[in-house]
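# Summary of structural features
Here is what each chain is made of, one letter per residue.
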Amino acid sequence: MGGYGKVPDFTADEVAGLLATHYAAAVGGAAVACRPLDSYIDQNVKVTLDGAARWVFKAANAAESEAVLQAECEVMRTLGAADGVAGVVPAVMRSDGGAEYLYVPNPRDPAAHHYVRVVTFLEGTVLAEVPHTLPLMEDFGEVVGRIDAALAPLAVRATHRYLRWDLKNAPQIEPMIPFVFAGDAGRREQVQHFMRKYTAHCAPAMARLPMSLIYNDANDYNVLSDGARVTGVVDFGDIVTTPTVCEVAIALAYLLMKKDAGAALAAAAAFLRGYCRHRRLEEAEVAVLWWLIAARLCVSVTISAYEAAEQLDNIDYVELSAKPAWALLELMRGMDAEEAHRIFRTACGYEEGGAAMHADPHAPGGYTADEIAAFRKAHCARTMSSAYKEPF
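What this report covers is the structure whose coordinates are included nearby. Every value quoted in this text rests on a predicted model; they were computed, and no experiment measured them.

Conventions and cut-offs
Position numbers for residues count from 1 along each chain, tracking the sequence in the order it is written. Local features in a predicted model are, by the rule used here, given only for residues with pLDDT of at least 70; side-chain atom pairs are given and counted only at 80 or more, and totals for whole chains, interfaces and linings are based on all residues. With hydrogens and water set aside, each side-chain value is computed from the structure's full complement of heavy atoms. Centres within 6.5 Å make a pair out of two Phe, Tyr or Trp rings, where for Trp the six-membered ring is used; the pair is then stacked when the planes are under 30 degrees apart, edge-to-face when over 60, and tilted otherwise. The numbering of helices and of strands both runs from the N terminus, where a helix is a DSSP run of H or I of at least 4 residues and a strand a run of E of at least 2. Type-normalised accessible area, obtained with a 1.4 Å probe on protein chains alone, sets the label of each residue: buried when under 20%, exposed when over 50%, and partly exposed for intermediate values. Cysteine sulfur atoms are paired as a disulfide whenever they come within 2.5 Å of each other. Each pair of strands is called paired provided DSSP finds at least two bridges between the two strands. Whether two residues touch is decided by their heavy atoms; if any such pair falls within 4.5 Å, the residues are in contact. Lines fitted to C-alpha atoms define the axes, with helix axes restricted to the stretch in contact, and inter-axis angles between N-to-C directions lie between 0 and 180 degrees. Here the expected span of a helix is defined as 1.5 Å times the quantity of residues minus one.

## A word on the packing of aromatic side chains
This structure, assessed with the given rule, holds ten aromatic pairs. Look at Trp290 and Phe344: their rings are 6.2 Å apart centre to centre, the planes differ by 50°, and that puts the pair in the tilted class. Separated by 54 residues along the polypeptide, Trp290 in helix H9 (residues 283–308) and Phe344 in helix H12 (residues 337–347) bring together distant segments of the chain. This pair shows no difference in class: Trp290 is buried, exactly as Phe344 is.

This is how it looks when you write it as structure tokens:
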């Protein structure tokens, strides 16, 4: 199954038993109830104590290494102590013996073992299910920017690893394309088109871009919100050391879904304004961003198509973002990449000629002219007149 090991399948009673055995002090005399959550190759279980959500029991795929689990715990500890991020990232609960994780056998396959952890439960609705207002998108950008700024000094050897979701490895999907899209020439050509753009614009630059340990999975089902602000960022299983701009490309790949061109660019600009308050993108990073977004979409739809054929029992989760990803690729194919790049540059604080700039503090809400124009294009009818030539 794509090189993965045994997927954990603990029952609710088995999870409750593990908690009673290894987390007895934290459980106390509370009534424990367990409910499965969506997962990919691991297992996540929501744990309530006396009816109140408290924890998430996480069991890793049998192929997961201890070094990567240790790295995840270190990342969560680091972010839990970081300014502006504490409380947004789950905290790892320690067992009665003081361990951050345990190594337990699979009840139905004793030859397979799983690392299991318990982390705090975070309240919120997944970002995919709340309205994407510009203030929320800007707050999302701020949270991701703070995460990258906090992780920048962190050097963890286990994150220097091969990961097929790492965008510097995007060309790995090319041999898969003719196979997984053998019966759909249109989709095959679409992915090949954007991979050619990656080869031309991104591949030559990747080794020269700033590199750091990144979260690598800020998709709209891993980010929680109360509708006004981001309240949680979960699932750190894809952490990797790679060009830092990949973090932004991944977040934007999902943020731009289910929008028209104007709304997509306005949302991206708001996100970038927030992000750059905490980690300023370099011009070379901005230059490849549009094509990295497309590359993430191509990686997602190709791997999803490949694994859907193998994971028939998990096909709904595997194909969760495939439809909107295909729709966004189609939209991006018809959009002006140069216009997108210009809007990205402005949002990141660069003038068209290349000099650094700052948003006009007197503009409404602090937005730049390009962002206001993009928002107006997305939300106002073409017949609506304005009393100015330039929107501030």
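Once you've had a look at it, read on.
## Let's talk about the state of the cysteines
All told, the structure shown has zero disulfides when counted by the stated rule. Unpaired in this structure, Cys276 has its nearest cysteine sulfur neighbour in Cys348, at a distance of 3.6 Å.

## A closer look at the sheet that holds strand E9 (residues 230–233)
If you trace the three strands from one edge of the open sheet to the other, you get E6-E8-E9, paired in antiparallel fashion. The open sheet has two edge strands with one neighbour each: strand E6 (125–126) and E9. Here three bridges tie strand E8 (residues 223–225) to E9, and the two strands are oriented antiparallel to one another. Within the sheet, the bridge partner assigned to Leu224 lies in E9 and is Gly232. Running over the sheet, helix H4 (residues 134–151) touches E8 and E9 and is turned about 40° from E9.

## Structural notes on H4
Over its 18 residues, H4 extends 26 Å from the first C-alpha to the last, a length consistent with the 26 Å expected when each residue adds 1.5 Å. A large share of H4 lies buried, amounting to 15 of its 18 residues.

## Overview of unusual backbone geometry
Look at Asn216: it is not a glycine, yet its phi comes out positive at around 75°. For Asp235, which is not glycine, the phi dihedral falls at a positive 70°. Within the element layout of this structure, Asp235 appears in the loop between E9 and strand E10 (240–243).

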